[in-house]
Amino acid sequence: MLADAPLFSVIIPFKAPGPYLVESLPHLLALREPRFEIVLLPDAPFDLAAYTDDPRVRAVPTGPVSPAVKRDRGAEGSLGEFLAFIDDDAYPDPAWLTVALVAFEDNPGLCAVGGPAVTPPDDPFWARASGAVFVSRLTGFPERYRPTPPSRDVDDWPTVNLIVRRDAFFAVGGFDTACWPGEDTKFCLDLVHKKGGSIRYLPELFVWHHRRPGLRKHLRQVGNYGLHRGHFVRVHPETSRRPRYFLPALWVLFLAAAVLHGLAVLAGLPVLPFGGALIGLGLAAYAVFLLLVWADLLRFEPASVALAAMPFVALTHAWYGIRFLYGLTKTKLISSLGR
């Protein structure tokens, strides 16, 4: 590494510049740790001078390739000792790189650090409802979406907020560009389970991350996650064959059984004794679960946002479960370029 090389390379893949870039660049350039470069990875060349004249920022057009490919190309052309990955629709807390540097200096054997991606308080109402789905401790991985102590070792972390030692990144060959979304899961699996590295979750290492505005985009995103997680159960069971990932799929199978039971009753066909009572009990239990989620969300969101999030929660579980089951049937997935 050259003596005057930056300490961190911030790597940001996106299709084309827009409002998110206008918002994120000032936050990035105001980071307390000044020894960094920013590598922008758009599809096509654009007038960078219209956005900033800071020499630490450069753009590397990649053509219309997936974010996984962009991140690998950004890493290959970077100069920093640490590779800081963040999404284009996110921006960091001012202490982002400072917190990471302290962790790396305190533990020379640490390969990577990750932290939460918090919904900005000024996001639109329905974007906050979308983000609220992931905030509750009852609906997923709240530490990924709000600062949740304590810090601890993890083996799967999203690239919206992941900082990796350069040598560790290239030791595992970077991201598996055949996987998107899901390249972060495969990368972390390789780093921890194949190379014996460590990833540390730091609640104070956080970025602000805009959520998908509206139900359709929200479900498209979680459906992609479910599809790839189901596929990874088959091909990468080390970090994907865990009970929590199967729960939405089991709920979908329960709902399917309930529908079949109802159709059988309407058709006058024989049904299981007490089948209706068991189905009613299951639906009542899920209704209680939603009430508990709503009560939990009130600690973080206004009552109106928490209430609006309830349909998002229910449909998220159903759609994720359906896509997860479909992913279980796939021996190979073909990555798309859409986000």
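Visitor: Lay out the packing of aromatic side chains with the relevant residues and their values.
Guide: Tallying each qualifying case throughout the model produces 21 aromatic pairs. Three or more aromatic residues link up through ring pairs in this structure, and these residues are Phe85, Phe169, Phe170, Phe175 and Phe187. The aromatic ring of phenylalanine 141 is capped on one face by arginine 144, whose charged end is 4.5 Å from the ring centroid.

Visitor: Tell me about the environment of histidine 27, residues and numbers included.
Guide: You can see histidine 27 is positioned in helix H1 (residues 19–29). Each C-alpha atom, one on histidine 27 and one on valine 265, is 60 Å from the other, the two residues being 238 residues apart in sequence. Apart from residues lying up to four places away in sequence, histidine 27 is in contact with Tyr91 and Pro92.

Visitor: Outline the sheet that holds strand S11 (residues 207–209), supporting the account with residue identities and numerical values.
Guide: The strand order across the open sheet built from 3 strands is S5-S11-S7, with neighbouring strands paired in mixed fashion. Only two strands of the sheet have a single neighbouring strand rather than two, namely strand S5 (90–92) and strand S7 (117–118). Bridge analysis of S7 against S11 gives 2 bridges, and the strand direction is parallel. Bridged to valine 118 within S11 is tryptophan 208.

Visitor: Give a detailed account of the pairing of strand S2 (residues 36–41), specifying residues and quantitative values.
Guide: Of all 6 residues in S2, 6 are buried, a share of seventy percent or more. Neither face of S2 is exposed, since Phe36, Ile38 and Leu40 on one face and Glu37, Val39 and Leu41 on the opposite face are all buried. For strand S1 (residues 8–13) and S2, the ladder comprises 6 bridges, and the chain directions are parallel. Directly across from isoleucine 11, in S2, lies its bridge partner valine 39. Crossover handedness for the path S1 to H1 to S2: right-handed. One ladder, built from 3 bridges, connects S2 with strand S3 (residues 57–59); its direction is parallel. In the sheet register, valine 39 faces S3, and the bridge partner there is arginine 58.

Visitor: Tell me about the environment of tryptophan 96, and please be specific about residues and values.
Guide: Within the secondary structure layout, tryptophan 96 lies in helix H3 (residues 96–106). For tryptophan 96, a relative accessible area of 0% puts it in the buried group. Taking C-alpha positions, tryptophan 96 is 9.3 Å from leucine 28, a pair spaced 68 residues apart along the chain. Every residue in contact with tryptophan 96, bar those within four places of it in the chain, is listed here: Val10, Leu28, Leu31, Ala84, Phe85, Ile86, Asn161, Ile163, Leu205, Phe206 and Val207.

Visitor: For the side chain of threonine 139, give the residues involved together with the corresponding values.
Guide: By secondary structure assignment, the location of threonine 139 is in the loop between helix H4 (125–132) and strand S8 (152–154). Within the structure, the side chain of threonine 139 is placed 2.4 Å from the backbone oxygen of valine 133, a separation counted as a polar contact. Reaching out from threonine 139, the side chain makes a polar contact with the backbone oxygen of serine 136 at a distance of 3.2 Å. Excluding its chain neighbours within four sequence positions, the residues that come into contact with threonine 139 are Val133, Phe134, Phe289, Val293, Val313 and His317.

Visitor: Talk me through a nonpolar patch on the surface; I want residue IDs and the actual numbers.
Guide: A cluster of nonpolar side chains, Val259, Leu260, Leu263 and Leu266, forms an exposed patch at the surface whose accessible area comes to about 450 Å². Along the chain, the position of valine 259 falls in helix H9 (residues 243–266).

Visitor: Lay out the sheet that holds S2 in plain terms, naming residues and giving numbers.
Guide: Strand order across the open sheet formed by 8 strands is S3-S2-S1-S4-S9-S6-S10-S8, with mixed pairing between neighbours. The open sheet is flanked by S3 and S8, the only strands paired with a single partner. Strand after strand, the sheet turns through a mean of 25° between neighbouring axes, direction not considered.

Visitor: Lay out the nonpolar core with the relevant residues and their values.
Guide: Core analysis: the biggest nonpolar cluster contains 34 residues, and Phe8, Val10, Ile38, Trp96, Leu97, Val113 and Ile163 have the highest contact counts within it. Residue assignment for this core shows that the elements contributing at least two residues are S1, H1, S2, strand S4 (82–86) and H3. Among the elements that take part in this core, H3 stands out by supplying 7 residues, more than any other. Those residues within four positions of valine 10 in sequence are excluded, and the remaining contacts are Leu28, Glu37, Ile38, Val39, Ala84, Ile86, Trp96 and Leu97.

Visitor: Explain unusual backbone geometry residue by residue, including any values.
Guide: Following proline 149, the chain continues to proline 150 via a peptide bond in cis, the omega torsion being 0°. The backbone phi angle of phenylalanine 274 is positive, close to 60°, even though this residue is not glycine. Within the secondary structure layout, phenylalanine 274 lies in the loop between H9 and helix H10 (275–297).

Thresholds applied
- Residue numbering note: each chain is counted from 1, following its sequence as written.
- Totals for whole chains, interfaces and linings use every residue, but because this is a predicted model, local features are given only for residues with pLDDT of at least 70 and side-chain atom pairs only at 80 or more, for both listing and counting.
- Side-chain measures here rest on the full set of heavy atoms in the structure, leaving out hydrogens and waters.
- Here is the rule: rings of Phe, Tyr and Trp (six-membered ring for Trp) pair when centre to centre is within 6.5 Å. Planes less than 30 degrees apart are stacked, more than 60 are edge-to-face, and the remainder are tilted.
- The criterion is that NZ of a Lys, or CZ of an Arg, lies within 6 Å of the ring centre and within 35 degrees of the ring normal, and then a charge sits over that ring.
- Put simply, DSSP H or I for four residues or longer makes a helix, DSSP E for two residues or longer makes a strand, and each gets a number counted from the N terminus.
- When checking whether two residues touch, look at their non-hydrogen atoms; a contact exists if any pair is within 4.5 Å.
- Two strands form a pair only when DSSP identifies at least two bridges running between them.
- Each residue gets one of three labels from its accessible area relative to the maximum for its type: buried under 20%, exposed over 50%, partly exposed in between, using a 1.4 Å probe on protein chains only.
- When the strands point away from the viewer and the connection leading from the first strand across the helix to the second strand turns clockwise, the crossover is called right-handed.
- Pairing of N or O atoms within 3.5 Å defines a polar contact, subject to two protein rules: one partner must be a possible hydrogen donor and the other a possible acceptor, and residues neighboring in sequence count only if both atoms are side-chain atoms.
- For patch building, the residue pool is restricted to those with more than 30% relative accessible area and no salt bridge; the joining distance is 9 Å between like charges and 5 Å between nonpolar side chains (Val, Leu, Ile, Met, Phe, Trp, Tyr).
- Methods summary: accessible areas were calculated by the Shrake-Rupley approach with a probe of 1.4 Å, and residue burial reflects only the protein chains presented.
- Note on definitions: salt bridges are taken to be side-chain nitrogens of Lys or Arg within 4 Å of carboxyl oxygens of Asp or Glu.
- For helices, the fitted line uses only the C-alpha atoms of the stretch in contact; every axis is such a line through C-alpha atoms, and the angle between N-to-C directions lies from 0 to 180 degrees.
- Residues grouped as a nonpolar core are buried Ala, Val, Leu, Ile, Met, Phe, Trp, Tyr and Cys residues, joined through side-chain atoms within 4.5 Å.

Purely spatial values, then, with no claim about function.
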